[in-house]
Every structure is written in C-alpha cells, then in structure tokens.
Amino acid sequence: MQMEFEPVIGLEVHAQLNTATKIFCGCSTAFGAPPNTHTCPVCLGMPGVLPVLNRKVVDFALRMALATHCAINSESRFARKNYFYPDLPKGYQISQYELPIAAGGWIEIQPGSDRKRIGINRIHMEEDAGKLIHDTLRPVSRVDFNRTGVPLIEIVSEPDLRSPEEAGAYLRQLRAIVRYLGICDGNLEEGSFRCDANVSIRPTGESAFGIRAELKNLNSFKHVEKALHYEINRQAEILREGGRVIQETRLWDPDRNRSTSMRGKEEAHDYRYFPDPDLLPLAIDAGWIESVRRELPELPEARRDRFMADYGLPAYDADLLTADRELADYFEICLMTFGTPKTVSNWIMGPLLGLLNTSGTPITASPVAPENLGRLLQLIEDGVISGKIAKTVFDEMAVSGGAPDDIVKKRGLVQVSDTARIESAVDKVMNENATEVQAYRAGKTKLLGFFVGQVMRQTGGKANPKMVNDVLKSKLVG
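Everything numeric here is computed off the predicted structure, so don't read it as measured data. (Residues numbered from 1 in each chain as written. Predicted model: local features only at pLDDT ≥ 70, side-chain atom pairs only at ≥ 80, totals over all residues. Heavy atoms only, no water.)

Let's talk about the overall build of the protein chain
Secondary structure assignment for the protein chain yields 15 helices and 16 strands. For 478 residues, the compact-globule estimate of 2.2 N^0.38 gives 23 Å, and the C-alpha radius of gyration of the protein chain, at 30 Å, exceeds that figure by more than 25%. If you line up the protein chain on its principal axes, its C-alpha atoms span 95 × 60 × 55 Å. Expressed as a percentage of the 478 residues in the protein chain, the buried residues total 46%. Pairs at least 24 apart in sequence give 67% of the contacts found in the protein chain among residues at least 6 apart. Carbon and sulfur atoms make up 52% of the accessible area of the protein chain, which totals about 23300 Å². Charge-centre separation for the protein chain: the mean point of 58 positive side chains lies 4 Å from the mean point of 63 negative side chains. (Helix = DSSP H or I, 4+ residues; strand = E, 2+ residues; numbered from the N terminus. Rg over C-alpha atoms; globule rule 2.2 N^0.38 Å. Buried < 20%, exposed > 50% of the residue type's maximum accessible area, 1.4 Å probe, protein only. Contact = heavy atoms within 4.5 Å. Areas by Shrake-Rupley, 256 points an atom, 1.4 Å probe, with all protein chains shown as cover. Lys, Arg positive; Asp, Glu negative; His and termini not counted. Charge placed at Lys NZ, Arg CZ, Asp CG, Glu CD.)

Below you can see the structure in the form of structure tokens.
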C-alpha cells in the first residue's frame, strides 16, 4: 500500500508599510520613482550615519499586533542580520531577532465549512533591501536602492497549515486585515505584500516534523497554492522512492510551474545576529498601546459576522463583500439609499463586480456610484422601471457615470403601468395569435411566456411585467 503523507506549512509574510518615509531616514517610500532617486547616506549605509526610528512604523506594527491578538513586548530591540548581497549596501539588514515587537497571536480562517485558528509566532519590524534589475539582452545586472530602508513588518505563522488551500485562505485573510488597518496596500504585483513558504511532509498520523524546504518568489495567491502542491508532491515522490529530502531554499518558476533549488537553507546562526549598537531598545508603554487600540477599525471577521447578523446575508455574500474594506463600504453606502440588503448584494456581486472585473477597475474608481446603484434599485421597487430596463440603465450608468433618474427621463424608459395601455397591447397580441390562444385554453399553459414576450415587444419592453402577467391570465381564461 502506498504511504500517505500530511503536509506541514508555515508562512512568512512581508507587508510593506504605508508610511510616507522610510523606517530610519526621511527618504520617500513612493513606488515607481526613477532608480536611485529616493536614497540618502543613511539608507545607503555611508560611514558615520545614524538611523532614527520612524514612530509611524511602530504605530502600524502595533495595529497589526492588536488585530492578530498578539502579546506586545514592553521592550523590543533591533538587530543586525548580516549577509552579503549586491542590493544590501550596508552588508547587513536592520531587523528584529530575539526581542520582536509582538508574538503569540492568531487569526481564524475558513477554507471550508469550519473555521480554523492559525497561530502567529511573531511579528517584527525590519527594513527592506534594494532591487536587482537584470538586463535581458546583456549579462549585466543593475541595482536600484530606492526600496532600501522601506519599512516592513514580517508576520511569521506557526506551522499550523495543512493544505495549500488553507495557506491561500490564511494569506487572503491576512491581506484583508492589513488593508482594513490601512497599514499596507496589499499589492502583490508591486511586492508590497509577499510571502515565503516553509513546507515539509510527514507520514499521516505522525507528530514529528519532516525536513522542510523554503519556497520563494511567490507573488500571487494562485502561485502560492500551485507552488505548495508542487512541493508537496515533489517531497512525497522522493520519500516513496526511498530518498531523503534536503533542507534548502527553492525558487518557484510560474512560467514552468515548477521549483528549482536556489541554495541551502540558512539558519539564524548563518546571519550572525547581534543587537544594533546604533539603536536603543524600544520601550512601549500601556498608554501607547491603548491609544493605538482606540483607533482600530472594525476588522473583516467582525464585519462579516455583523453583515450576517444585521443584514441577514448568507455566509457566501458576507465573505465576498467584506474581503475588501472598500467593497464593504460601497455596500453599506448603497444600503443608505435602498434598504434591502440581499437585493443590493446580488447587484454588487453580479452586474457591478462583473463590470469592474472585466475592465480591471477597482471599486474605489467605480463609474457607478453606490448612491446611484441604490437609487436604481429603488426605481425598480417603485415600479418606475422593470428589472430588464434597469440593466439597460445600469449599462448607461457604467459608461456615463450618470444618475439613473436622469437616464430614465432622457431615454424615455419609464415603465408602462397604465392598465388601459397594457390591456390594449394584450388584446392586439391575442387577436394576432388566435391559434396560440386556443392552444392555451386547451391546456398548454406554458404558452403564457410566449404571450408575455409578445406584449413586451409591443410596448418596447416598458410594460410592467407583473401587470402584463395579471392581464394576460385574466383575458386568456376566456
């Protein structure tokens, strides 16, 4: 019988903080500037310079610690992580090692029907390295130091994840939290939210951990899940053939859907950590923590539960709407104009997100304002327009950004609810389709849809559908 294995996964997530300046100097953190224009002697590690800690970085790290139920250390300190790489001008990275700012937290995920708690081992602050740009035409690499010194927090999970799908759910929840907190934009493509994965496997039922590999270059949720599936299968194949998994760092190649060995996995002693002599220990008192706690927004899990309890939304709707803070805000603004939550949810998850996904437009730039969508739904509720006409109006709103009332008036789309006009249209349709009338009266009641379609055609699609159905049923009885 083939041996079955269980994966053991832990994730190290780096979140770039939304501060205006770097962690230890006054250089800008803005993305997209020409290479080496956001640098100074401090972030370039020139002799004789001294780093000065950006207080906003600590505030943001505290927000994340509180949001993930971590214990905050009253004293933490920075350390030098020593290694050589061309994009690291000082020859070391300022990070935190033995005394991080926070530890021992957790978040909950729901990859299936049940929730699962995933432990947070630690959260620490550190500076980012630079970026190497490789020339595709010549064997030349250039270095851009703009990113050097940009503030990061690293969130290290416990090895509590047991599948690639759980890892994906954990990352999505973590990204939602940093975006709700306003501390990171969560942009995977620009590298402001990135992940390294540690994965090992063990025979099902055993408690001891196997030999782990670290996966790097994971810049999307899809790539994380694909890379983990590949690595789990790679290790299982090695063990089934009697081989031995080695501890190493591997690079994920998304174009070839495979990982390749990069280097042997480093341990802490390889970096020769020691306390940074230029930075004093960081003392955080209870008053500082409480001032940050008071500023915390409603977080995605709490908002999800509230959407279900207060608005009666199913779990699927609540999950989707609260995954993004701006989308949840849009929903609640729309409700101020039209107060039927499930109808609003259906229109947001259907036509609106379909429109935005097709064009690649974020919800914050939606051409259909939430107040206008709410007003459109109110026009349907009031019988001014039909649901079919509403889709035409919505399409016009998506192009022009106009208000639904103006579009309905300008294009003459007001629904026909005049009984006399509808009865006249019904009489005309029945006279022109006498054979179908006789068939209906003989028991072929499914022909009702045919008659409704004909009446709607007669009225240019403007007749009130409910009134059309009522009049037809009355007249077709004979």
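Next, the rest of the story.
Examining the pairing of strand β13 (residues 248-253)
Where strand β12 (residues 213-218) meets β13, four bridges bridge the pair, whose relative direction is parallel. When the bridges of β13 are listed, Lys 216 appears paired with Leu 251. In this fold, the crossover linking β12 to β13 by way of helix α3 (residues 221-240) has left-handed handedness. (Pairing = 2+ DSSP bridges. Right-handed = clockwise from strand over helix to strand, strands pointing away.)

Digging into the packing of aromatic side chains
Taken as a whole and judged by the stated rule, the model has nine aromatic pairs. Ring geometry for Tyr 440 against Phe 451: centres 6.3 Å apart, planes inclined by 85°, an arrangement best described as edge-to-face. Here the residue Tyr 440 occupies a position in helix α13 (residues 434-441), and Phe 451 occupies one in helix α14 (residues 448-458), the gap between them amounting to eleven residues. Comparing Tyr 440 with Phe 451 shows no difference in burial state: the two are buried. Linked through ring pairs, Phe 307, Tyr 311 and Phe 331 together constitute an aromatic cluster. Note that Arg 55 overlies the ring of Trp 288, its terminal NZ or CZ placed 4.0 Å from the centroid. (Phe/Tyr/Trp six-rings, centres within 6.5 Å; stacked < 30°, edge-to-face > 60°. Lys NZ or Arg CZ within 6 Å of the ring centre and 35° of its normal.)

Details of the pattern of salt bridges
By the definition in use, this model includes 36 salt bridges. Across the salt bridge formed by Glu 6 and Arg 202, the nearest N and O atoms sit 2.8 Å from each other. Highlighted residues: Glu 6 in strand β1 (residues 5-16) and Arg 202 in strand β11 (residues 193-203), separated in sequence by 196 residues. In this structure, Arg 234 and Glu 248 form a salt bridge, with 3.6 Å as the shortest nitrogen-oxygen distance. (Salt bridge = Lys/Arg side-chain N within 4 Å of Asp/Glu carboxyl O.)

Observations regarding the layout of surface pockets
Its boundaries defined by the atoms lining it, the second largest pocket holds a volume of some 880 Å³. The leading source of residues in the lining of the second largest pocket is helix α2 (residues 164-181), at seven residues. Among the residues forming the lining of the second largest pocket, the class breakdown is ten nonpolar, eight polar and twelve charged. (1 Å grid on protein atoms, 1.4 Å probe; cavity = no way out; pocket = protein on both sides within 12 Å on 5 of 7 lines; lining within 4 Å. Points joined across faces, edges and corners; volume = space filled by probe spheres on them. Nonpolar A, V, L, I, M, F, W, Y, C, P; charged D, E, K, R; others polar.)

Description of helix α8 (residues 341-359)
Across its 19 residues, α8 extends 26 Å between first and last C-alpha, which sits within 8% of the 27 Å expected from 1.5 Å per residue. By the largest-angle criterion, Leu 353 marks the main kink of α8, which is about 40°. Restricting attention to buried positions, one finds in α8 the residues Pro 341, Val 344, Ser 345, Trp 347, Ile 348, Leu 352, Leu 353 and Leu 356. On the buried face of α8, the contacting elements are α5 (300-311), α6 (315-322), α7 (325-337), α9 (370-381) and α10 (387-400). Where α8 terminates, the next one or two residues include Gly 360, which has phi positive at roughly 70°. (Expected span 1.5 Å × (residues − 1). Bend = angle between axes of the 7 residues up to and from the residue.)

Overview of the sheet that holds strand β5 (residues 92-95)
Taken together, the three strands give an open sheet; going across it, the order is β5-β4-β15, and neighbouring strands pair in antiparallel fashion. In this open sheet, the two strands that pair with only one neighbour each are β5 and β15 (274-275). Strand direction decides the pairing type here: strand β4 (residues 79-82) and β15, joined by two bridges, are antiparallel. Bridging across to β15, Arg 80 finds its partner in Phe 274.

Re unusual backbone geometry
One non-glycine residue, Asn 36, lies in positive phi territory at about 60°. Positive phi is not limited to glycine here, since His 69 has a value of about 60°. Classification of His 69 by relative accessible area gives partly exposed; the value is 39%.

Considering the packing of α2 against α7
Running from N to C, α2 and α7 point in directions that differ by 65°, and their axes come no closer than 9 Å. The angle between α2 and α7 places the two elements in the roughly perpendicular class. Seen from α2, the contacting residues are Arg 179, Tyr 180 and Leu 181; seen from α7, they are Arg 325, Glu 326 and Ala 328. Partitioning the contact of α2 with α7 into residue classes produces three nonpolar, no polar and three charged. (Axes fitted to C-alpha atoms, helices over the stretch in contact; angles between N-to-C directions. Parallel < 35°, antiparallel > 145°, perpendicular 65-115°, else oblique.)

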